[in-house]
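A structural walkthrough
Letter by letter, the chains look like this.
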Amino acid sequence: MNSEVNGQSALRRPATDPTPIFEHFRGMHGSELLTAAVAHFDLFGRLSAGSLDFEALRQSLQLKDRPAVVLLTALKAMGLIQEIDGKLALTELAQEHLVPGGAFDCGNYIGLAAQTPGVLTMVQLLKTNRPLGSDEEDAGGAAFIYRDGIKSAMEAEDSARHFTMALAGRAKNVAPFLADAISLEGAKLLLDVGGGTGIYSHALLQKNPQLNAIVFDRPQVLKIAAEMTAQYGVADRCQLVSGDMFADALPAGADTILLSNILHDWDKPECQQLVDRCAQILPPGGRLLIHDVFLNDALDGPLPVALYSASLFSFTEGRAYSGGEYREMLTAAGLTPQPIVPTLVHCGVLAGVK
């Protein structure tokens with residue numbers, strides 16, 4: 001039963017599903033990736049000569065692992081390449097219409113967009129494996145990265161507020177579904193790592209009257225979180241603690257830890273590091289909740305998540321991961337993965353139990 005709420009409700013569900021809006025917004029990356037593959041990397045010409053395994057194709061394209069996964073996952077989800085016996089090959093659709101010089105080749109038509117700003121930016125991101133804003137000449141700094149040597153837009157109050165509230169536009173839609181998807185009966189303290197505005201914690205607090213929470217994030221972000229905890233009437237049960245989730249000690253005592261849309265901002269080594277750090281402070285029986293989007297284990301879709309992965313790749317050092325990849329991280333940290341439970345906007349929650 002929900003607790004009495006003396007403020008705004010974080011459990012109110014939207015009357016309509018906003019998922020199509022997010023799909024349309026992220027869909028632009030499909031055009032960028034397809035055009036890059038055709039006009040800048042000659043990917044379909046390379047594969048027309050014969051199938052290649054991932055490593056061989058990655059090296060042929062001169063891409064690092066992360067951009068290669070993002071590009072090839074999207075093309076598999078589009079039905080243009082397929083994996084057969086461990087090797088990547090063209091589908092019949094791509095063989096007929098995207099091999100240069102073919103009778104029905106439409107690659108030159110795709111190539112009309114080759115010099116558009118969005119495509120050129122995507123090509124640069126793929127080649128450098130560095131997110132937008134991470135170069136020294138980018139005065140604003142990277143939007144979602146805290147790393148030594150990279151200026152972060154989240155350390156400045158105005159830009160931190162802008163990006164944090166922008167992300168809350170999705171979170172406030174999804175939070176009530178997360179609160180319904182997981183049972184926290186018996187849980188006492190939730191640690192929300194990288195919790196942003198704290199909206200997910202607010203929903204879980206309102207759903208579970210016995211629960212207290214700690215939202216752990218950067219100082220500028222927690223200024224917004226403080227306003228939100230007051231608006232949602234949970235300030236008496238929600239502590240705000242600032243710090244660096246990779247460098248500083250995580251607050252102790254939580255029996256449940258939430259990583260909501262956090263791991264997809266980081267490459268695999270950093271993801272494993274963070275999962276390990278969370279697992280280390282959990283008590284026996286404690287749970288780590290990964291709330292995120294999930295690619296298919298075969299990394300061949302779904303297409304909306306593959307295109308979201310391209311968006312993540314553009315702005316962060318991460319990408320979308322599969323349920324299998326997250327299960328490997330949890331297992332390596334000594335946690336037992338549970339089934340994925342869907343929430344909203346292609347998200348779901350995967351629990352690891354200690």
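Source: prediction; values computed, not measured. (Residues numbered from 1 in each chain as written. Predicted model: local features only at pLDDT ≥ 70, side-chain atom pairs only at ≥ 80, totals over all residues. Heavy atoms only, no water.)

What follows is about helix 14 (residues 323-332). All of the buried residues in helix 14 are Gly323, Gly324, Glu325, Tyr326, Met329 and Leu330. The inward-facing, buried residues of helix 14 contact helix 12 (268-281), strand 7 (287-293), strand 8 (336-337) and strand 10 (347-353). One or two positions beyond helix 14, positive phi appears at glycine 334, with a value near 85°. (Buried < 20%, exposed > 50% of the residue type's maximum accessible area, 1.4 Å probe, protein only. Helix = DSSP H or I, 4+ residues; strand = E, 2+ residues; numbered from the N terminus. Contact = heavy atoms within 4.5 Å.)

With that out of the way, let us pick up unusual backbone geometry. With glycine set apart, most residues show a phi of negative sign, and most peptide bonds adopt trans. Along the chain, glycine 301 connects to proline 302 via a cis peptide bond; the corresponding omega equals -5°. By the element assignment, proline 302 lies in the loop between strand 7 and helix 13 (303-315). Notably, asparagine 261 is not glycine yet its phi reads approximately 55°, a positive angle. Within the element layout of this structure, asparagine 261 appears in the loop between strand 6 (256-260) and helix 12.

Looking at where serine 309 falls in the secondary structure, it is placed in helix 13. Using a relative accessible area of 3% as the deciding quantity, one classes serine 309 as buried. When near neighbours in sequence (up to four residues on either side) are disregarded, serine 309 contacts Val70, Arg319 and Ala320.

So, on to the environment of leucine 303. Examined against the element boundaries, leucine 303 turns out to sit in helix 13. Spatially, the C-alpha atom of leucine 303 lies 9.5 Å from that of glycine 79, the residues being 224 residues apart in sequence. Non-local contacts of leucine 303, meaning those with residues more than four positions away in its chain, are made with Ala74, Ala77 and Met78.

Inspection of the secondary structure puts leucine 263 in the loop between strand 6 and helix 12. On a C-alpha basis, the gap between leucine 263 and valine 69 in space is 16 Å, while along the polypeptide they are 194 residues apart. Those residues in contact with leucine 263 that sit more than four places away from it in its chain are Cys271, Leu274, Val275, Ile290, Asp292, Tyr321 and Tyr326.

Below, the discussion takes up helix 2 (residues 28-40). The terminal C-alpha atoms of helix 2, which comprises 13 residues, lie 17 Å apart, in line with the 18 Å expected from a rise of 1.5 Å per residue. Of the positions making up helix 2, those classed as buried are His29, Gly30, Glu32, Leu33, Leu34, Thr35, Ala36, Ala37 and Val38. As for helix 2, its buried residues are in contact with helix 1 (19-26), helix 3 (43-48), helix 5 (65-77), helix 7 (107-110), helix 8 (117-128) and helix 13. The first or second residue beyond helix 2 is aspartate 42, which carries a positive phi of 45°. (Expected span 1.5 Å × (residues − 1).)

A separate point is the domain arrangement of the protein chain. Partitioning the protein chain into structural domains gives domain 1 (19-128) and domain 2 (153-353). Between domain 1 and domain 2, the contact holds 20 residues from the first and 24 residues from the second. Regarding the contact of domain 1 and domain 2, the summed buried area is about 2000 Å², with carbon and sulfur atoms giving 69% of it. There are 0 salt bridges connecting domain 1 and domain 2. There are 6 residue pairs in polar contact (both at pLDDT 80 or more) connecting domain 1 and domain 2. Among the elements of the structure, helix 1, helix 2, helix 5 and helix 8 are those that each provide at least two residues to the side of domain 1 that touches domain 2. Residue contributions to the side of domain 1 that touches domain 2 peak at 8 residues, all from helix 5. Of the residues in the side of domain 1 that touches domain 2, the class split is 11 nonpolar, 5 polar and 4 charged. (Domains from an automatic or database assignment. Buried area = accessible area lost by both parts, 1.4 Å probe. Salt bridge = Lys/Arg side-chain N within 4 Å of Asp/Glu carboxyl O. Polar contact = N/O pair within 3.5 Å; in protein donor to acceptor, adjacent residues only side chain to side chain. Nonpolar A, V, L, I, M, F, W, Y, C, P; charged D, E, K, R; others polar.)

Let us now look at the layout of surface pockets. Of the volumes computed, that of the second largest pocket is approximately 330 Å³. Taken together, 18 residues form the lining of the second largest pocket, with Gln8, Ser9, Lys172, Asn173 and Tyr232 sitting closest to its centre. Counting residues per element, the ones that place at least two in the lining of the second largest pocket are helix 9 (157-181) and helix 11 (219-231). For the lining of the second largest pocket, the element with the highest residue contribution is helix 9, accounting for 6 residues. Of the residues that constitute the lining of the second largest pocket, the class distribution is 10 nonpolar, 5 polar and 3 charged. (1 Å grid on protein atoms, 1.4 Å probe; cavity = no way out; pocket = protein on both sides within 12 Å on 5 of 7 lines; lining within 4 Å. Points joined across faces, edges and corners; volume = space filled by probe spheres on them.)

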